[in-house]
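An overview of the molecular structure
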Amino acid sequence: MRISIQILLAFSIVLILSIIDSASNYVFSLKVEENITFLNKSQDVIRNSGRLNKSIIEMQSAFRGYLLTNDTIFLNDYNEGLREIPVLISAQQELVTSNKKQFFILQKIKALHKQWVTYATRLIEASKKSTTSDEALKTYNELFKTQLRNKVGKNLNDQISIQFTAFDRIEYKIRKQRSDNLVSSIDFTHTLSLIFFILTLIVGIGSTIYIMRSILRRIRTMVNQASRIATGDFATVNDPYHDELTSLSISLNTMSTNLNRNITELEKRNQELDKFAYVVSHDLKAPVRGIHNAVTWIEEDLGNELSPELKKYLAIIPQRTKRMEDLINGLLDYARLNTKSIPEKTDVNQLVSEIVEAVVPRKFVVHIEGLPVILADRLKLEQVFTNLISNAVKYTQSENAAIFIRCSELQEYFEFSVKDNGIGIEPEYHEKIFEIFQTLREKDEKESTGIGLAIVKRIIDDLHCTIKVISSLNGGSEFIFTWPKIKIQ
Ligand code: ADP
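First things first, this report covers the structure right here in the doc. Quick caveat: nothing in here was measured; it's all calculated off a predicted structure.

Observations regarding the overall build of the protein chain
On a plain count of helices and strands, the protein chain comes out with 10 helices and seven strands. Computed over C-alpha atoms, the radius of gyration of the protein chain comes to 61 Å, more than 25% over the 23 Å expected from 2.2 N^0.38 for 489 residues, which places it beyond the range of a compact globule. Dimensions of the protein chain, computed from the C-alpha atoms along their principal axes, are close to 205 × 45 × 40 Å. The burial tally for the protein chain puts 35% of its 489 residues in the buried class. Carbon and sulfur atoms form 58% of the exposed surface of the protein chain, whose accessible area is close to 30700 Å². Both charge centroids of the protein chain, one from 61 positive and one from 59 negative side chains, sit 16 Å from each other.

Topic: the nonpolar core
The biggest cluster of nonpolar side chains holds 40 residues, and the ones touching the most others in it are Phe385, Ile389, Ile405, Phe416, Phe481 and Trp483. Sorting the residues of this core by element identifies α8 (348-359), β3 (373-376), α9 (378-394), β4 (402-409), β5 (413-420), α10 (452-462), β6 (467-471) and β7 (477-484) as the ones contributing at least two each. Ranked by residue count, the leading element in this core is α9, at seven residues. Leave out the neighbours within four places in its chain, and phenylalanine 481 touches Leu381, Val384, Phe385, Leu388, Phe414, Glu415, Phe416, Ile460, Thr466 and Ile467. With 34 residues, the next largest nonpolar core counts Ile89, Val117, Phe167 and Ile170 among its residues.

Brief notes about the state of the cysteines
For the structure shown, the criterion picks out zero disulfides. Cysteine 407 forms no disulfide, and the closest cysteine sulfur to it belongs to cysteine 465, at a distance of 12 Å.

Some words on a nonpolar patch on the surface
A cluster of nonpolar side chains, contributed by Leu194, Phe197, Ile198, Leu201, Ile202, Ile205 and Ile209, occupies part of the molecular surface with about 670 Å² of accessible area. Locating isoleucine 202 in the fold gives a position in helix α5 (residues 152-230). When its relative accessible area of 53% is taken as the criterion, isoleucine 202 is described as exposed.

Focus: the site of the ligand
The environment of the ligand is made up of 21 residues, and the closest members are Asn391, Lys394, Ser448, Thr449 and Leu453. Backbone polar atom of threonine 449 to an oxygen atom of the ligand: 2.9 Å apart, as the coordinates give it. Residue glycine 450 places a main-chain N or O atom 3.2 Å away from an oxygen atom belonging to the ligand. Elements supplying a minimum of two residues to the shell around the ligand: α9, α10 and β7. Per-element accounting of the shell around the ligand gives the leading share, three residues, to α9. For the shell around the ligand, the per-class residue count stands at nine nonpolar, nine polar and three charged.

Description of the side chain of aspartate 420
Checked against the element boundaries, aspartate 420 lands in strand β5. For the buried aspartate 420, no salt bridge exists, and the shortest N-O distance to an oppositely charged side chain is 9.1 Å, to lysine 419. Within the structure, the side chain of aspartate 420 is placed 2.9 Å from the backbone nitrogen of glycine 422, a separation counted as a polar contact. Aspartate 420 has contacts with Ala392, Thr396, Ala402, Gly476 and Ser477, leaving out every residue within four places of it along the chain.

Some details on the environment of valine 32
Of note, valine 32 is situated in helix α1 (residues 3-69). Taking the relative accessible area as the measure of exposure, valine 32 reaches 24% and is therefore partly exposed.

What about the sheet that holds β7?
Each strand in a sheet pairs with its neighbour through backbone hydrogen bonds, running either in the same direction (parallel) or in the opposite one (antiparallel). The strand order across the open sheet built from five strands is β2-β4-β5-β7-β6, with neighbouring strands paired in mixed fashion. At either margin of the open sheet sits one strand with a lone partner, and together these are β2 (365-369) and β6. Averaged over all neighbouring strand pairs, the angle between strand axes comes to 15°, with direction disregarded. Taken together, the five bridges between β6 and β7 define a ladder with antiparallel strand orientation. If you follow valine 469 over to β7, its bridge partner there is phenylalanine 479. Strand contacts of α8: β2, β4 and β5, with the helix running at about 170° to β2, the strand carrying the most contacts.

A word on the packing of α1 against α5
A pair of packed helices can be characterised by two numbers: the angle between their axes and the separation between those axes. Their axes nearest at 9 Å, the elements α1 and α5 cross at an angle of 170°. The angle between α1 and α5 falls in the class roughly antiparallel. Residue composition of the contact of α1 with α5, grouped by class: 29 nonpolar, 18 polar and nine charged.

Topic: the pattern of salt bridges
Throughout the structure, instances matching the rule amount to 19 salt bridges. As a salt-bridge pair, lysine 176 and aspartate 180 come within 3.1 Å of each other at their nearest N and O atoms. In this pair, lysine 176 and aspartate 180 both sit in helix α5, four residues apart, roughly one turn of the helix. Here arginine 218 ties to aspartate 243 by a salt bridge, and the two come within 2.6 Å at their closest N and O atoms. One end of the pair, arginine 218, is in helix α5; the other, aspartate 243, is in the loop between α5 and α6 (244-302), with 25 residues separating them in the sequence. Among the residues examined, aspartate 243 registers a relative accessible area of 3% and is labelled buried. Ionic contacts of the salt-bridge type, sharing partners, join the residues Arg218, Asp239 and Asp243 into one network.

Rules and cut-offs
- Residues numbered from 1 in each chain as written.
- Predicted model: local features only at pLDDT ≥ 70, side-chain atom pairs only at ≥ 80, totals over all residues.
- Heavy atoms only, no water.
- Helix = DSSP H or I, 4+ residues; strand = E, 2+ residues; numbered from the N terminus.
- Rg over C-alpha atoms; globule rule 2.2 N^0.38 Å.
- Buried < 20%, exposed > 50% of the residue type's maximum accessible area, 1.4 Å probe, protein only.
- Areas by Shrake-Rupley, 256 points an atom, 1.4 Å probe, with all protein chains shown as cover.
- Lys, Arg positive; Asp, Glu negative; His and termini not counted.
- Charge placed at Lys NZ, Arg CZ, Asp CG, Glu CD.
- Core = buried A, V, L, I, M, F, W, Y, C linked by side-chain atoms within 4.5 Å.
- Contact = heavy atoms within 4.5 Å.
- Disulfide = S-S within 2.5 Å.
- Patch = residues over 30% accessible without salt bridge, like charges linked within 9 Å, V, L, I, M, F, W, Y side chains within 5 Å.
- Salt bridge = Lys/Arg side-chain N within 4 Å of Asp/Glu carboxyl O.
- Near = heavy atom within 4 Å.
- Polar contact = N/O pair within 3.5 Å; in protein donor to acceptor, adjacent residues only side chain to side chain.
- Nonpolar A, V, L, I, M, F, W, Y, C, P; charged D, E, K, R; others polar.
- Pairing = 2+ DSSP bridges.
- Axes fitted to C-alpha atoms, helices over the stretch in contact; angles between N-to-C directions.
- Parallel < 35°, antiparallel > 145°, perpendicular 65-115°, else oblique.

Right, here's the structure in full:
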């Protein structure tokens with residue numbers, strides 16, 4: 001799966017979990033809101049119920065007060081109840097329309113109250129008239145005996161009070177149920193929120209770690225591969241995930257394969273060239289020697305017959321053939337450089353001392369300083385020092401000629417220096433002198449072939465090291481080159 005899709009997927013899962021979490025919290029908040037609305041309404045219902053009950057009781061008291069005292073002041077409360085109670089019952093019914101049981105109880109209260117009002121009104125009316133005639137007093141007494149004494153009114157009142165108790169009980173029961181539901185839904189939402197939070201954390205952190213680890217591991221492999229390519233090991237790696245990093249890996253592999261092919265091709269060509277140079281220079285040696293011999297024979301056998309002019313010209317030929325031989329030998333040395341040899345323990349101090357002994361004349365003062373014992377291709381190091389020291393001798397004519405050879409140790413390399421106080425080199429030639437056949441003076445002025453520094457440069461290049469010259473005209477020259485450190489095991 002592509003890395004972008006992996007990241008998108010992880011992000012989507014985290015997002016979905018967060019959305020579910022928020023949605024459950026939202027649903028919960030709706031429930032809380034609904035409950036608060038219910039509680040407010042329930043508060044009104046209980047309050048109304050109390051008021052209604054109180055009004056009915058007050059009406060009953062007013063009725064009894066009037067019958068006992070005949071004081072019409074009691075009738076005010078009674079009439080007040082007559083007006084107020086039906087309004088309160090209707091208002092209460094509106095609040096409980098959704099609850100059939102409560103609605104039905106209110107209907108019952110309404111009917112019972114109506115019955116009681118009929119009963120009470122008859123008694124009040126009869127009481128009012130009782131003073132007007134004996135007949136009316138008799139009717140009132142009869143009514144008092146049959147109705148009040150038989151507790152008709154009290155029975156109705158008891159039934160009303162039972163209905164009120166039932167009504168309130170239902171309201172309180174609903175309230176309790178509601179609050180229980182709320183508590184359990186709080187618990188449920190808390191648990192749900194916790195689960196989603198943990199899941200979001202696990203998915204978020206888990207996917208981040210997974211993606212980071214898998215990406216980092218693969219990037220590390222590729223960095224490794226790039227480092228190996230840089231050191232000439234043209235490795236390829238297999239990255240089987242088919243994503244963006246795989247494309248990068250394929251590009252690296254292609255680059256590595258192409259480089260490998262080109263380098264192999266280049267090495268092959270170089271070898272062919274070396275072989276060609278070797279064969280040609282080897283084959284040229286015989287004819288050059290032949291010319292030299294022929295001239296010698298002519299001088300020996302026909303010396304007396306030759307004109308002075310001719311003798312002069314003939315004398316030039318051995319000089320030129322000698323130079324030709326030098327060039328051929330230089331070319332042979334250059335072509336032979338390809339041969340590989342195994343590094344051996346080399347005492348550089350001893351090696352340099354032997355070279356100095358062989359090539360440096362006595363008039364030179366030679367300073368050798370801090371040369372180490374290293375693991376190196378001895379023959380190649382010898383070639384480098386021989387060429388540099390020979391050049392220092394060749395290009396130093398001053399009276400107090402001196403050569404300084406030293407070494408300093410860098411982290412991964414040794415840095416050697418061969419310095420003279422000779423004729424020096426103009427800065428514009430500092431690069432050119434390392435090219436093959438490049439000399440800065442007349443070819444026959446010195447024993448100059450222009451091969452020595454080319455050989456040195458090639459050896460140093462093959463080791464992936466560097467060489468540079470610090471010099472100015474008549475200011476001496478210092479050749480500084482690095483040499484790889486191979487650990488002595
Ligand atoms: P050769 O010495 O045979 O000419 P090299 O390749 O060794 O060939 O040197 C190339 C040229 O670099 C020389 O011809 C010379 O002009 C210049 N050169 C090399 N070493 C020195 C030196 N130590 N001082 C001055 N010039 C130098």
